[in-house]
Amino acid sequence: GAIMDSKVRFYREWLTLPKNDFRILAMLAEQGGSFKGSLADMCRRLNITAGQSKHNAKLRASIETLTANGYISHQKQGNTYTLTLIPKETEIKVFRKWVEDVIYVKGFENESVAWEQVLKMLIWVYGQDGMAYYTAREIGEELGVSGDVVGSAYKVLDRQFQSIAREPENYKTFNGEPRTKGQYFIGAQPWSRE
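We now turn to the structure provided with this report. (Residues numbered from 1 in each chain as written. Predicted model: local features only at pLDDT ≥ 70, side-chain atom pairs only at ≥ 80, totals over all residues. Heavy atoms only, no water.)

Concerning the pattern of salt bridges
The condition is simple: Salt bridge, as applied in this entry: a Lys or Arg side-chain nitrogen positioned within 4 Å of an Asp or Glu carboxyl oxygen. A helix here means a DSSP run of H or I that spans at least four residues, while a strand means a run of E at least two residues long, and both kinds are numbered starting from the N terminus.
For the structure on display, the rule yields nine salt bridges. Among the salt bridges present, the one from R9 reaches E91, with a minimum N-O distance of 3.1 Å. Taken as a pair, R9 in strand β1 (residues 7-11) and E91 in strand β5 (residues 91-95) lie far apart in primary sequence, 82 residues in all. Residue E142 is joined to R12 by a salt bridge in which the shortest nitrogen-to-oxygen separation is 3.1 Å. With a gap of 130 residues between them, E142 in helix α6 (residues 136-143) and R12 in the loop between β1 and α1 (19-30) connect regions that are remote in the sequence. Members of the salt-bridge network, linked through shared partners, are E30, R45, R96 and E100.

Listed below in structure tokens is the structure:
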């Protein structure tokens, strides 16, 4: 196979896409931009149970949608699909180690959040220039998810992978209760373990 770069290339334009569509793009990015194999092979790459018609139908639907909207090109010969990414405007590079940890982990401790949402959050953070100041709700608007999903995704990234650093900005309410106004996020280096 191709020599894999230490960073995986994603595109900001992907972040608002539905989970099922984004999942295929993420897999292609992690594979270096293209993938050749059956739907069952795709399922295995994505940690989905292979051989289930509903999963195959979802994958096929996403492949059609992504092709129609210019995110990928694809060919099909027999049962073999060849999928190729079409680059978008805004490239965001993320350390391969983090990406693989998120995509190929078998579930996150204590957080019921899909890996696609965790990966979106990770890409979003790396796409900020330097430090970004945002509330969870604002990030959710950029990712097409709720603030709660953002919170869960953040906890996974912080606790399991230490892949983003966060600096909350706190204040006290008039009766002295501490509150967080929002937070600054910055992508961490994969070797940093502060």
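Focus: the packing of aromatic side chains
Given two aromatic rings, their pairing is described by the distance between the two centres and the angle made by the two planes. Formally: The aromatic pairing rule takes the rings of Phe, Tyr and Trp, using the six-membered ring of Trp, and pairs them if the centres are within 6.5 Å, calling planes under 30 degrees apart stacked, those over 60 edge-to-face and the rest tilted. Only protein chains enter the area calculation, which uses a 1.4 Å probe; residues under 20% of their type maximum are buried, those over 50% are exposed, and those in between are partly exposed. Only when the NZ of Lys or the CZ of Arg is both within 6 Å of the ring centre and within 35 degrees of the ring normal is a charge said to sit over the ring.
Under the counting rule described, the total for this entry stands at three aromatic pairs. A ring pair is formed by F95 and Y126, whose centres lie 6.0 Å apart and whose planes are at 85°; its orientation type is edge-to-face. Here F95 is found in strand β5, whereas its partner Y126 is found in helix α5 (residues 115-126), with 31 residues between them in sequence. Residue F95 shares its accessibility class with Y126, and that shared class is buried. The rings of F10, Y11 and W14 are connected pair by pair, giving a single aromatic cluster. Taking the ring centre of Y71 as reference, the NZ or CZ of K88 above it sits at 4.8 Å. Above the plane of the ring of F22 lies K120, whose end atom (NZ or CZ) is 5.5 Å from the centre.

Let's talk about the packing of α1 against α5
Under the convention used in this document: Whenever a helix is involved, its axis is fitted only over the stretch in contact; in every case the axis is a line through C-alpha atoms, and angles between N-to-C directions fall within 0 to 180 degrees. Put simply, angles under 35 degrees are roughly parallel, angles over 145 are roughly antiparallel, angles from 65 to 115 are roughly perpendicular, and the rest are oblique. Crossing handedness is read from the near helix: turned anticlockwise from the far helix by less than a right angle, it gives a left-handed crossing, and turned clockwise, a right-handed one. We call two residues contacting when some pair of their heavy atoms lies within 4.5 Å.
One can describe the packing of α1 onto α5 by two numbers: an axis separation of 10 Å at closest approach and a directional angle of 65°. Between α1 and α5, the crossing angle belongs to the class labelled roughly perpendicular. The element α1 and its partner α5 pack so that their crossing is left-handed. On the side of α1, the interface is formed by K19, F22, R23 and A26, while α5 contributes W115, E116, Q117, L119, K120 and I123.

Things to note about the nonpolar core
What counts is decided by this rule: In these notes, a set of buried Ala, Val, Leu, Ile, Met, Phe, Trp, Tyr and Cys residues joined through side-chain atoms within 4.5 Å is what counts as a nonpolar core.
Formed by 55 residues in total, the largest nonpolar core has its most connected members in F10, W14 and L119. With nine residues, α5 is the single largest residue contributor to this core. Those residues in contact with F10 that sit more than four places away from it in its chain are A26, A29, T90, E91, I92, V94, V99, L119 and I123.

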